[in-house]
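Reading the structure
The chain contents come next:
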Amino acid sequence: MREIVVAAAQMGGIQKAETREEVVLRMIDLMDAAHEAGANFIVYPELSLTTFFCRYYMENESESDVWFETEMPNPRTAPLFARAKGYGMSMSFGYAELTKDGQHFNTSIQVDGDGNIVGKYRKTHLPGHSEFDENRAFQHLEKRYFEPGDTGFPVYRTLGGLFGMCICNDRRWPETYRVMGLQGVEMVTLGYNTPAVNAEKPSEGPQARLFHNRLVLQSGAYQNSTWVVAVAKAGDEDGYPLIAGTMIVDPDGRVVAETQTQGDEIVVHACDLDETRFGKATIFDFARHRRVEHYTRIVEQTGVIEPAE
Ligand code: CDV
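Everything quoted here is computed from the prediction, not taken from an experiment.

Here we take up the site of the ligand. Close to the ligand lie 13 residues, the nearest being Lys123, Cys168, Asn169, Arg172 and Thr194. A distance of 2.9 Å is found between an oxygen atom of the ligand and a side-chain nitrogen or oxygen belonging to asparagine 169. Side-chain polar atom of arginine 171 to an oxygen atom of the ligand: 3.3 Å apart, as the coordinates give it. In the complex, the protein chains occlude 90% of the 320 Å² of accessible area that the ligand would expose alone. Looking at the shell around the ligand residue by residue, the classes come out as three nonpolar, four polar and six charged.

On to the environment of aspartate 250. Within the secondary structure, aspartate 250 is located in the loop between β11 (247–249) and β12 (255–258). Of the residues examined, aspartate 250 reaches a relative accessible area of 8% and is grouped as buried. Placed 28 residues apart in sequence, aspartate 250 and tyrosine 222 show a C-alpha to C-alpha distance of 7.8 Å. If we skip the residues at most four places from it in the chain, aspartate 250 touches Ala221, Thr226, Trp227 and Val256.

Across the junction of methionine 72 and proline 73, the peptide omega takes the value 0°, indicating a cis bond. Mapped onto the elements, proline 73 comes out in the loop between β2 (41–43) and α2 (78–87). Backbone geometry places cysteine 168, a non-glycine residue, at a positive phi of 40°. If you trace the backbone, cysteine 168 turns up in the loop between β7 (161–167) and α4 (174–181).

The subject of this paragraph is the side chain of serine 108. Within the fold, serine 108 resides in strand β4 (residues 104–111). Residue serine 108 is classed as buried on the basis of its relative accessible area of 6%. If sequence neighbours within four positions are ignored, serine 108 has contacts with Phe93, Gly94, Gly119, Lys120, Tyr121, Met165 and Ile167.

Moving on, we get to the packing of helix α1 (residues 20–36) against α2. It is at 9 Å that the axes of α1 and α2 come closest, and there the two elements cross at 10°. On the basis of their axis angle, the class for α1 and α2 is roughly parallel. Contacts between α1 and α2 involve Val24, Met27, Ile28, Met31, Asp32 and His35 from the first element and Pro79, Leu80, Arg83, Ala84 and Tyr87 from the second. Grouping the amino acids of the contact of α1 with α2 by side-chain chemistry returns eight nonpolar, one polar and two charged.

Counting 42 residues, the largest nonpolar core has Val6, Met187, Leu217, Val228, Val229 and Ile248 as its most contacted members. Here the element with the most residues in this core is strand β9 (residues 227–237); it accounts for seven residues. Discounting chain neighbours no more than four positions away, the residues touching methionine 187 are Val6, Phe41, Leu162, Phe163, Gly164, Thr226, Trp227, Val229, Cys271 and Leu273. The next biggest cluster of nonpolar side chains, apart from the first, holds 26 residues, and it includes Leu30, Ala39, Met72 and Val111.

What follows covers the pattern of salt bridges. Note on pairing: side chains with opposite charge can pair once their charged atoms come close. Overall, the coordinates contain 23 salt bridges when judged by the stated rule. The partner of aspartate 32 in a salt bridge is arginine 83, with the nearest N and O atoms 2.7 Å apart. Taken as a pair, aspartate 32 in helix α1 and arginine 83 in helix α2 lie far apart in primary sequence, 51 residues in all. On the accessibility criterion, arginine 83 (32% relative accessible area) is partly exposed.

As a further point, take helix α5 (residues 206–224). For α5, which comprises 19 residues, the first-to-last C-alpha distance of 27 Å matches the rise-based estimate of 27 Å (1.5 Å per residue) to within 8%. Within the sequence span of α5, burial applies to Arg209, Asn213, Val216, Leu217, Gly220, Ala221 and Asn224. One face of α5 carries all of its buried residues, which in axial projection span an arc of 125°. Considering only its buried residues, α5 is in contact with α4, β8 (187–192), β9, β11, α6 (277–281) and α7 (286–289).

Turning to the packing of aromatic side chains, a few remarks are in order. Within the structure shown, the criterion is met by 13 aromatic pairs. On the numbers, 5.6 Å between centres and 55° between planes, the contact of phenylalanine 68 with phenylalanine 146 is tilted. Taken together, the positions of phenylalanine 68 in the loop between β2 and α2 and phenylalanine 146 in the loop between α3 (142–145) and β6 (155–158) put the pair 78 residues apart, joining distant regions of the chain. Side by side, phenylalanine 68 and phenylalanine 146 carry an identical accessibility label, which is buried. Where phenylalanine 81 meets phenylalanine 93, the ring centres are 6.1 Å apart and the plane angle is 85°; that geometry is what we call edge-to-face. Separated by twelve residues along the polypeptide, phenylalanine 81 in helix α2 and phenylalanine 93 in strand β3 (residues 90–98) bring together distant segments of the chain. Taking the relative accessible area as the measure of exposure, phenylalanine 81 reaches 8% and is therefore buried. With a relative accessible area of 0%, phenylalanine 93 lands in the buried category. Among the aromatic side chains, those forming a connected cluster through ring pairs are Phe53, Trp67, Phe68, Tyr145 and Phe146. The ring of tyrosine 56 carries the charged tip of lysine 16 above its face, separated from the ring centre by 4.0 Å.

Reading the values: the criteria
Residues numbered from 1 in each chain as written. Predicted model: local features only at pLDDT ≥ 70, side-chain atom pairs only at ≥ 80, totals over all residues. Heavy atoms only, no water. Near = heavy atom within 4 Å. Polar contact = N/O pair within 3.5 Å; in protein donor to acceptor, adjacent residues only side chain to side chain. Areas by Shrake-Rupley, 256 points an atom, 1.4 Å probe, with all protein chains shown as cover. Nonpolar A, V, L, I, M, F, W, Y, C, P; charged D, E, K, R; others polar. Helix = DSSP H or I, 4+ residues; strand = E, 2+ residues; numbered from the N terminus. Buried < 20%, exposed > 50% of the residue type's maximum accessible area, 1.4 Å probe, protein only. Contact = heavy atoms within 4.5 Å. Axes fitted to C-alpha atoms, helices over the stretch in contact; angles between N-to-C directions. Parallel < 35°, antiparallel > 145°, perpendicular 65-115°, else oblique. Core = buried A, V, L, I, M, F, W, Y, C linked by side-chain atoms within 4.5 Å. Salt bridge = Lys/Arg side-chain N within 4 Å of Asp/Glu carboxyl O. Expected span 1.5 Å × (residues − 1). Arc of directions from axis to C-beta. Phe/Tyr/Trp six-rings, centres within 6.5 Å; stacked < 30°, edge-to-face > 60°. Lys NZ or Arg CZ within 6 Å of the ring centre and 35° of its normal.

Here's what the structure looks like:
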C-alpha cells in the first residue's frame, strides 16, 4: 500500500480587486483544513493566485504582465510555502509565469514537503483566441496572453510514486493522459477555470459543462489506470460564473470524492497508488496490447483529413 492523503482545494471566484496577499490567505486557510483532515498533498486550481484575467481584452499585451509572477516562490507566496513546509505537506498550484526571457506561460508546479519544486508543467492546449472577438458572449484570450507550453507532459517521482500535471483544457485531450500513461503515471493533478456557459454557444450551460468535465476525467483515469485529481476555481468572478465539480477519480474511473459548493472547499481522499497496478498489468498493459503501427496519424497529422470522395 502506498497511500497519499490528497486534498483537492477548490477555490471560489477571485475578484479582480483581490490582492495576491488576500488570495494566499485563503489558500492557507484551505491548507490548514487539509492538514486538520490528515492530508499530505494539497492541489489548488489553475491560475490560483488571481482572477481568470484572460476574459479581459488588453490592447497592449504587456498590460497583462501585472497578472504574472516573475519568480516562484516570491514574497507574496512565501507565506504559503512556509505553511506547507511547516506541515511537511506537498502542494500543487497554478499561476501565470513570466520568464526571464520574457516568455509567458500558464504554469503549474508541484512542491514537495521540504519546499522543493519537484515538478513544473506549462499548459499545452491553449483554448480561445488572440484577438478581440465580438461574436463571443465574453472573451477567452489565452492565445493572446500565453505561449503554448514547452515542457511536454513530464512525469516525475515524488511522494513515493509517479506524478504528472496538466491544466484545464488539457484534460479534454486523450493524448494528455496517454503521454503520461506511457511514463507510468500514477496520479495526474490538474486545475481548471471553466466558464459555466459556452461563450460561443449560450445554450450550453453548466449542466453540459459539468457533464463534459466528469466525462473526460473519468475516461482519462480509467484508460490509463491512474488517479486523477481535478480542482476548480468556481463560482462568480466579477459576474462571470465558473463551474465547480472538483473531484478525485480512482484508477478504475470512479469518482471517490467531489465538492458540493461553488466556493472555497476541500475534499479529502486517501489514495493508494498501488490501486493503479491492476489496470496497468491487465487491460491497459500498454506493452502487450497497443498497436502503434496504426497510430501514426496521431503524431503525423494535426487537423482532420477526410478520405477522398
Ligand atoms: N481555462 C480553460 O482552459 N478553459 C477551457 C474553456 C475555455 C473551455 C476549458 O477547457 O475548460
